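This is what each chain is made of:
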Amino acid sequence: MRSTRRIVGAALGLSGLLALLTIGGALAQGPQLGGKLLTGSQITIPAGTTVDHDIYVFGGTLISNGTINGDIVAAAGTTKVNGPVHGDVLAAGGTITIDGPVTGDLRIAGGQVVIAGNVSDDVLAAGGEIAIEGHVGQDVIVSAGRLTLSGSVAGSAVGSTGTYAKTGSVAGTDSVVVTGDRAAALAPAANPVLDAIRQFVTVIVIALLLLWVAPRSLRASETEVREHPLPALGWGIAVAIGDLVLVVVGFIVMFLLAVALGLLGFDSLLAIVLFGGFVAVSGAALALIVAAGFLADAIVGLALVRAIAGRVGQAGRSPVGSGEPAAPSRDRVFELGLLTVGVAIVVLLTSVPVIGPWLKLAVSFLGLGGLWLAWRRPRQTAPGVRPTDTPTEGGPPLTWGRPG
């Protein structure tokens, strides 16, 4: 609980800081500090204008048609840089378009990013959709949902993207990792049967991996779901919301650090912080996707069949006709059978039209809550007591692989 309060406190503090920045920008309309600080709903630098210093912009829309002999640091809903910038550009917002040449580095984060102008140095970009249409003089570091590269990169490219449409060139090493489909637009129509089969196979593989790495975790999680379904459901919703809050806070922290380090001139440290932040935030999001999208099916499925087997008096018993406990190998086969049947039931139910998505949402929350309670329960137990050492009614504890 103390760590949760710290996280909530940090989130509130960062939100308050952003609110102060926003209020400050609203109160200070127009140029400040000799024209270096520009605020307002609409900020335009006319064509033919030459600015011989850095500019810091906080507002709704920035349109720069003039020549900037310095850096641009902008936080705006829409940013359009049409004129040349003889320095670096550090921008964050909803839509960012760079049409003019940039002689320094370009560091941007936005929902939709278009880089049509030439950039002499490095490009560090993050966003939902990123299009690189101009020439980049050095390296590219990118994190995007969709990346389109129709321009050219003189150095190397590294990062990750959901889809990658590349018609341009990268002179160095192209290490952009594609996490989705390169040809999403040409993907065939969804097949519910094949989708259900793929989901079933993926869940089984992930469950077996967890059984090998941490066998007690799956057992403890399904026990929590089976014995405490309502608390598991409630904690699952809380965990999902908490993970999303952490992702948002992570992006806020990255942006604040980027602004601070950019103003102080720590270019190398800025690149490391941003790249490391993207990796950490992406890891938190990926963990939630794997746990809620796949692992939850295994946890809930195993809990479901154990509950049914327990009611008919089959869970934990030796094979029919045997007067002795089953051998460990036969226990493992029995456990694998329960897991397979449970996953099949869950995948089948969540594939039903209309009600399937709602069932999947409930399964995801139950699985997340079971994982949280299984992780939290031993920490509430007195030292020296291991609750997982005591078998429960559902059957013998899972002991595959090395101890979890």
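With that out of the way, let us pick up the overall build of the chain. For the chain, the count of helices and strands is seven helices and 15 strands. Out of the 404 residues in the chain, the part that is buried amounts to 38%. By sequence separation, contacts in the chain at least 24 residues apart represent 34% of the contacts at least 6 residues apart. Of the roughly 20,600 Å² of accessible surface on the chain, 67% is carried by carbon and sulfur atoms.

Moving on, we get to the pairing of strand β6 (residues 72–81). With nine bridges joining them, strand β4 (residues 55–64) and β6 adopt parallel strand pairing. Paired with V57 across the bridge in β6 is A74. Taken together, the nine bridges between β6 and strand β7 (residues 89–98) define a ladder with parallel strand orientation. Looking across to β7, one finds that A74 is bridged to A91.

Let us now look at the sheet that holds strand β10 (residues 135–136). Strand order in the open sheet made by the three strands is β10-β12-β14, with parallel pairing throughout. Whereas interior strands pair on both sides, the edge strands pair on one side only; in this sheet they are β10 and β14 (169–170). Bridge count for strand β12 (residues 152–153) against β14 is two bridges, and the pairing is parallel. Note on β14: the bridge partner recorded for V153 is V170.

Positive phi values are uncommon outside glycine, yet V354 reaches one of about 70 degrees. Within the secondary structure, V354 sits in the loop between α6 (328–350) and α7 (356–376).

Time to look at the confidence of the model for the chain. Averaged over every residue, the pLDDT of the chain is 77; residues scoring 70 or more account for 74%. Mean pLDDT values over the elements of the chain span from 41, in helix α1 (residues 2–27), up to 96, in β10. Considering only residues more than four positions removed or in separate chains, one finds that residues 382–404, a stretch of pLDDT under 50, has 51 contacts.

What follows is about the pairing of strand β8 (residues 106–115). Pairing between β7 and β8: nine bridges, direction parallel. Counted as the bridge partner of A91 is I108 from β8. In terms of strand pairing, β8 meets strand β9 (residues 123–132) through nine bridges, oriented parallel. Along β9, the bridge assignment pairs V114 with A131.

One pass over the structure, following the stated rule, counts seven salt bridges. With a closest N to O distance of 3.2 Å, R226 and E222 form a salt bridge. Linking R226 with E222, this pair stays in helix α3 (residues 215–227), spanning four residues, or about one helical turn. Since its relative accessible area comes to 19%, R226 is described here as buried. In this structure, E222 engages R306 in a salt bridge whose closest nitrogen and oxygen atoms are separated by 3.2 Å. Of this pair, E222 sits in helix α3 while R306 sits in helix α5 (residues 267–311), placing them 84 residues apart in sequence. Counted as one network, the salt bridges with shared partners bring together R219, E222, R226 and R306.

A few words now on the packing of α3 against α7. α7 packs onto α3 with a crossing angle of 115 degrees between their chain directions and a minimal axis gap of 8 Å. Judged by the twist between their axes, the crossing of α3 over α7 is right-handed. Residues S217, A220, S221, E224 and V225 of α3 touch α7, and the partners they reach there are L366, G370, L371, L373 and A374.

Let us now look at the environment of V170. Note that V170 resides in strand β14. On the basis of relative accessible area, V170 is assigned to the buried category, the value being 14%. Along the backbone, V170 and A154 are 16 residues apart, and their C-alpha atoms lie at a distance of 6.3 Å. Other than its neighbours up to four places away in sequence, V170 contacts L149, V153, G155, S156 and A157.

Look at α7: 30 Å from first C-alpha to last across 21 residues, which is about the 30 Å you get at 1.5 Å a residue. Looking only at α7, the buried set comprises G356, K360, V363, S364, F365, L366, G367, L368, G369, G370, L373 and A374.

The subject of this paragraph is the environment of S150. Structurally, S150 can be placed in the loop between β11 (140–149) and β12. The exposure class assigned to S150 is partly exposed, which follows from its relative accessible area of 38%. C-alpha of S150 to C-alpha of A165: the two residues are 15 residues apart in sequence and 8.1 Å apart in space. Residues in contact with S150, not counting those within four places in the same chain, are I132, E133, T167 and G168.

Quick notes on the rules
- Residues numbered from 1 in each chain as written.
- Predicted model: local features only at pLDDT ≥ 70, side-chain atom pairs only at ≥ 80, totals over all residues.
- Heavy atoms only, no water.
- Helix = DSSP H or I, 4+ residues; strand = E, 2+ residues; numbered from the N terminus.
- Buried < 20%, exposed > 50% of the residue type's maximum accessible area, 1.4 Å probe, protein only.
- Contact = heavy atoms within 4.5 Å.
- Areas by Shrake-Rupley, 256 points an atom, 1.4 Å probe, with all protein chains shown as cover.
- Pairing = 2+ DSSP bridges.
- pLDDT = per-residue confidence, 0-100.
- Salt bridge = Lys/Arg side-chain N within 4 Å of Asp/Glu carboxyl O.
- Axes fitted to C-alpha atoms, helices over the stretch in contact; angles between N-to-C directions.
- Left-handed = near helix turned anticlockwise from the far one by under 90°.
- Expected span 1.5 Å × (residues − 1).

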